[in-house]
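Listed below are the residues making up each chain.
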Amino acid sequence: MTGRIPDRPWDAAPAAATAAVILVNAALARLLLDADEFRVYVAGRPIEWVCALRKHFGVPCPTCGLTRSVVLTLHGHVLQAWKLAPGGAVAVAGGLAFAAGLLALAGLRAAGSSAAGAFQARLRTSALAGTAIILIVWLGGWAVEFAGALHGR
Amino acid sequence: MGDQAAFCTGCGAGTGVGNKFCYHCGAPADAVAAVCVKCGVALYGVPGAVPGGYPGAAGGYRGAAPGGYPGAPGGYPGAAPGGYPGAPPVGFPPPVGVPMGPQVRAMDYAPWATRVGGYLIDGLLVGAGMLVIWLIAGTLLAAIASIGGSASGAASGTCCLLILLFPLATLLVGLFNRVYLVSRRGYSIGQGVVKVMVVDASGNFLSQGTAFVRLLAQAGMGMIPFLPMLDLLWPLWDERRQTLHDKAVGCYVINQPQ
């Protein structure tokens, strides 16, 4: 009992609601936002914000390019997104995979399947591992950009 | 579900395996519960309260060592063998295998408004953490900028820091307030003020790992628009008054025993 997460199950409703919020957010972002290599557009209007750290010190902050990367991934330009900020592409993929997993879990729960418990345990482990991978890729990508910016000075 | 599982992993119903009953209020309790989930009285250390011995009792049970829990001074007042105040009738606990229904129904779930009060107080602590990080990092950036001769650069450069301030402060403050304290004594500072506590399905305090995953789940939800709102409001219509991050680790927030 000690040291491990109890196997208290999620019900179908919270799993489905969480998945729905993630998917609706992704759909809204894809609908309202667009991006190219240089900026993000909201309903066709460009956002002209420039990273102050990059502007004044010549190095990127950890969130530089993340919005563009997320939006580009949602529009299917994964390679371009990866080059800008790998963390954004991996985060979108991870978020959508998690939402799909939650929907599958909700389906199993609603159907009263005996496999739901094992599936939930696997989903939880995958979510934790995925979070770690996203963090590593995000910070690793930023470190590479940061080092490149310093080297190019 | 294993043969010795006390609760069904599918529906949460008690299987009757290893169950016991609180000697104080008579509510059903898991065999390994440290406290009664209904009245909050300590079950650990009370002779006869744990049939067949207590797992890990020799080394001390996490968060439930004698004296570590309000009202558990390492021995129950008047706990003479076979003569506890309000002791259940002869025959308790019932024979192994007798179903007793979902144990969680006995929990005194904390009201939503009370929980929000605790959140607000814990939120103030995160705000204080943000201020400290802001001051330290802002000073460093200003120093760097003054060396480089660009004072305005420091002023605008710190805006990038703002994006990271909230998650960073949430994590740093949370590691102490919502992981260490919650696993150690059952409640964070804010929860202590509003008199609620966090327990698992068995009425035990969370392990540090579980408390950390709970914090991580809440922080992760915080990065997705609208999800934190859903998370915060979920107890309003949930049967067990759980938030989504409670459900992620299978824990409950209950009123502290008086």
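Above this text you will find the structure in question.
Since this is a predicted model, take the numbers as computed values, not measurements.

Thresholds, definitions, all that
Residues numbered from 1 in each chain as written. Chains lettered and ligands numbered in written order. Predicted model: local features only at pLDDT ≥ 70, side-chain atom pairs only at ≥ 80, totals over all residues. Helix = DSSP H or I, 4+ residues; strand = E, 2+ residues; numbered from the N terminus. Buried ≥ 20, exposed ≤ 12 C-beta atoms within 10 Å, placed from the backbone. Contact = placed C-beta atoms within 7 Å. Axes fitted to C-alpha atoms, helices over the stretch in contact; angles between N-to-C directions. Parallel < 35°, antiparallel > 145°, perpendicular 65-115°, else oblique. Left-handed = near helix turned anticlockwise from the far one by under 90°. Nonpolar A, V, L, I, M, F, W, Y, C, P; charged D, E, K, R; others polar. Expected span 1.5 Å × (residues − 1). Pairing = 2+ DSSP bridges. Core = buried A, V, L, I, M, F, W, Y, C linked by C-beta atoms within 7 Å.

Trainee: If you had to explain the overall build of chain B to someone new, which residues and values would you point to?
Mentor: In terms of helices and strands, chain B carries six helices and six strands. Beginning at the N terminus, the succession of helices and strands in chain B can be written as β-β-β-β-α-α-α-β-α-α-α-β. Split into buried and exposed, the 258 residues of chain B put 42% on the buried side. Taking as baseline every contact in chain B between residues at least 6 positions apart, the subset at least 24 positions apart corresponds to 62%.

Trainee: Could you give me a rundown of the overall build of chain A, with the residues and numbers involved?
Mentor: If you tally the helices and strands in chain A, you get six helices and three strands. From first element to last, N terminus to C terminus, chain A shows the α and β order α-β-β-β-α-α-α-α-α. Considering chain A as a whole, with its 153 residues, one finds that 36% of them fall into the buried category. Taking the intrachain contacts of chain A between residues at least 6 apart in sequence as the baseline, contacts between residues at least 24 apart amount to 55%.

Trainee: Lay out the environment of B:L172 with the relevant residues and their values.
Mentor: Checked against the element boundaries, B:L172 lands in helix α2 (residues 151–185). Sequence separation between B:L172 and B:M130 is 42 residues, and the spatial gap between their C-alpha atoms is 9.6 Å.

Trainee: Explain the packing of helix α3 (residues 66–74) of chain A against helix α5 (residues 86–111) of chain A to me, using residue names and the numbers behind them.
Mentor: Residues and elements named next belong to chain A. Closest axis-to-axis distance for the α3/α5 pair is 7 Å, and the angle between their directions is 45 degrees. Considered as vectors, α3 and α5 are oriented oblique to each other. The two elements α3 and α5 meet at a crossing, and its hand is right-handed. Between α3 and α5, the residues in contact are L66, S69, V70, T73 and L74 and G87, G88, A89, A91 and V92, respectively. Per-class residue counts for the contact of α3 with α5 are six nonpolar, four polar and no charged.

Trainee: So what's going on with helix α4 (residues 208–221) of chain B? Which residues, and what values?
Mentor: In an α-helix, one full turn covers 3.6 residues, which means residues spaced three or four apart are oriented alike. Residues and elements named next belong to chain B. With 14 residues, α4 should reach 20 Å at 1.5 Å per residue; the first-to-last C-alpha distance of 20 Å fits that figure. Most of α4 is tucked away: ten of the 14 residues are buried. Those residues of α4 that sit buried are T210, A211, F212, V213, R214, L215, L216, A217, Q218 and M221.

Trainee: Residues and numbers for the pairing of strand β5 (residues 196–200) of chain B, please.
Mentor: All names here are of chain B. Counting buried positions along β5 gives five out of five residues, so the element sits mostly inside the fold. Because side chains alternate across β5, one face comprises the buried residues V196, V198 and D200, and the other comprises M197 and V199, equally buried. Bridge analysis of β5 against strand β6 (residues 251–255) gives five bridges, and the strand direction is antiparallel. Across the sheet, V196 pairs through a bridge with N255, a residue of β6.

Trainee: Summarise unusual backbone geometry; cite the residues concerned and give the values.
Mentor: All names here are of chain B. Backbone geometry places K195, a non-glycine residue, at a positive phi of 65 degrees. Relative to the elements of secondary structure, K195 occurs in the loop between α3 (189–193) and β5. Taking the C-beta count within 10 Å as the criterion, K195 has 15 such neighbours and is therefore assigned partly exposed.

Trainee: Help me get a handle on the nonpolar core, residues and values and all.
Mentor: Residues and elements named next belong to chain B. In this structure, V196, V198, V199, Y252, V253 and I254 are the most contacted members of the largest nonpolar core, which totals 28 residues. Of all elements in the fold, only α2, β5, α4, α6 (244–249) and β6 reach the threshold of two or more residues within this core. Looking at this core element by element, the count peaks at seven residues for α4. Here V196 is in contact with A110, T114, R115, G118, Y187, Q191, V253, I254, N255 and Q256, once residues within four sequence places are set aside.

Purely spatial values, then, with no claim about function.
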